[in-house]
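Now for the letters of each chain:
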Amino acid sequence: MADDPKTRPETRLIHAGRRKAWTHLGDGAGGIVNPPVWRASTILYEDVAHLKQGTQANRDGQLFYGRRGTPTQWALAEAITDMEPGAEGTMLYSSGVAAVTGALLSVLKPGDHLLMVDSAYDPTRNFCEGFLKSWGVETSYYDPMIGAGIADLMRPNTRAIFLESPGSLTFEVQDVPAIVAAAKAQGARTLMDNTWATSLYFSALDKGVDLVITAATKYLGGHSDAMMGAVTTHKACWMSLRRTAQMLGHFVGADDCYLVLRGLRTLALRLKQHEASAVQIAHWLETRDEVARVLHPALPSSPGHQLWRRDFTGASGLFSFVLQGGDATARAALIDGLAHFGIGYSWGGYESLALPVDPENYRTATRWQAEGPVVRLSIGLEHPDDLIADLSAGLDRFRAACG
Ligand SMILES: *Cc1c(COP(=O)(O)O)cnc(C)c1O
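Residues numbered from 1 in each chain as written. Predicted model: local features only at pLDDT ≥ 70, side-chain atom pairs only at ≥ 80, totals over all residues. Heavy atoms only, no water.

A few points about the packing of aromatic side chains
- Following the criterion strictly, the structure yields six aromatic pairs and no others.
- On the numbers, 5.8 Å between centres and 40° between planes, the contact of F131 with W135 is tilted. Highlighted residues: F131 and W135, both in helix α6 (residues 122-135), separated by four residues, approximately one helical turn.
- Classification of W135 by relative accessible area gives partly exposed; the value is 30%.
- Measuring from centroid to centroid gives 4.6 Å for F202 and F312, while their planes differ by 35°, and the two rings are tilted. With F202 in the loop between α8 (198-201) and β6 (211-215) and F312 in the loop between α12 (305-311) and β9 (318-323), this pair connects stretches of sequence that are 110 residues apart.
- What makes F202 buried here is its relative accessible area of 0%.
- Residue F312 is classed as buried on the basis of its relative accessible area of 7%.
- Site record: aromatic cluster; members linked through ring pairs are F127, F131 and W135. (Phe/Tyr/Trp six-rings, centres within 6.5 Å; stacked < 30°, edge-to-face > 60°. Helix = DSSP H or I, 4+ residues; strand = E, 2+ residues; numbered from the N terminus. Buried < 20%, exposed > 50% of the residue type's maximum accessible area, 1.4 Å probe, protein only.)

What follows is the structure, encoded as structure tokens:
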């Protein structure tokens, strides 16, 4: 069942984290389907001897102190680990950003050099330029399409390479195996923000990545009502990741874990629909004169499309398109009148979102050049034909605003 690696991912998601010890009363007294919410700060011990034992063990699956979690947190961590072939364990964090920083801090120390992809999520860059810089770690940024050429940027003290594929806002797909090979040749660690694909559509550890980061806030939760991050890793990095998270006091509440576990059960089903609708809408956008380019990894014109075909097993519902001419005001005319798209940042929920984005403000190693302003869409679970009709009216407004 859940621990049989040959089981298909859809089936594993249904069984994952539902250990009998966490859902059954024992002695034939019956059980329930979902691991319940165990809220706890104080853990009670039977006697002083058990108290002492607990201090020494630091084991998963043993109550010790509220911060170490209860069966609710363990169930979610185990379920996420189950989705990632080759994983030893998962640490949970209060947000995706906390997962990014927790992973970086587990592999870096003052004096190290970090290579960061130029298309990284903006708060990830902020952590490098803010905290890491003052801590004595130097970051340099690289072109997401660099591939094996990354070897030329490595220094003797390069300790880690951070990937995000496809890239935030512009969706370049990276050559992960080539970058991993360059890192391994020099004993550097690789970290990848895999929020877009999730483990279902890209098996990062299997491709050689050391630490895979997922903002569970997005597709794992899937309902825009919880924030959380996860880092999953193999045996060699597990103890360091765990120790760092424990020292920094990372913790997530049991109620949020319950929400993300509930979201996880339908992840495969939701992603399938997000993918189908987004691909349909992306192809339709390409036929419109107001659209210069569509940045969606499943489209042959998108940067790194061949790598996406080679390495990914699917696409999610988030992509961008570049308008043909026009300015920010015309773009706002498109977005403001949309009936089915909310205007907001945090994507991956069941509802569609449209967002004006300006990649030129977040690039330093490469230069963003485009025919017009950019719109990012998160395609939700509405009927795609309704979304197309809505966008069609929006593009008409854009054209009218361009004059
Ligand atoms: C949203 C996002 C994050 C951060 O997740 P939060 O839970 O909002 O902190 C990290 N990486 C990517 C690619 C994201 O889109």
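With respect to the sheet that holds β9
- With respect to topology, four strands assemble into an open sheet ordered β8-β9-β11-β10, the strand pairing being antiparallel. Of all the strands in the sheet, the pair left with one neighbour each is β8 (291-295) and β10 (353-357). Each strand axis lies, on average, 25° off the axis of its neighbour in the sheet, ignoring direction.
- As paired elements, β9 and strand β11 (residues 374-378) share five bridges and run antiparallel to each other. Note that in β11 the partner of V322 across the bridge is V374.
- Its contacts with the sheet put helix α11 (residues 267-286) on β8, β9 and β11, and the angle it makes with β9 is roughly 10°. (Pairing = 2+ DSSP bridges. Axes fitted to C-alpha atoms, helices over the stretch in contact; angles between N-to-C directions. Contact = heavy atoms within 4.5 Å.)

Remarks on the sheet that holds strand β1 (residues 89-93)
- In space, the seven strands of this open sheet follow the order β1-β7-β6-β5-β4-β2-β3, with mixed pairing throughout. Two strands in the sheet have a free side with no partner beyond their single neighbour: β1 and β3 (138-142). With strand direction ignored, the average angle separating the axes of adjacent strands in the sheet is 20°.
- Summarising the sheet, strand β2 (residues 113-117) and strand β4 (residues 158-164) pair through four bridges and their orientation is parallel. When the sheet's bridge partners are listed, L114 is paired in β4 with A160.
- Strands in contact with helix α5 (residues 96-107) are β1, β2, β4, β5 (189-193), β6 and β7 (229-233); relative to β6, the strand with the most contacts, it is inclined by about 165°.

Some words on the environment of A185
- Within the fold, A185 resides in helix α7 (residues 176-185).
- According to the relative accessible area criterion, A185 is exposed, its value standing at 72%.

Things to note about the packing of α5 against helix α9 (residues 235-248)
- Where α5 contacts α9, the two axes come as close as 9 Å, and the packing angle between them is 115°. For the element pair α5 and α9, the recorded crossing hand is right-handed. Every residue of α9 that contacts α5 at G102, A103, L105 and S106 is listed here: S240, L241, T244 and L248.
- In terms of residue class, the contact of α5 with α9 is built from four nonpolar, four polar and no charged. (Left-handed = near helix turned anticlockwise from the far one by under 90°. Nonpolar A, V, L, I, M, F, W, Y, C, P; charged D, E, K, R; others polar.)

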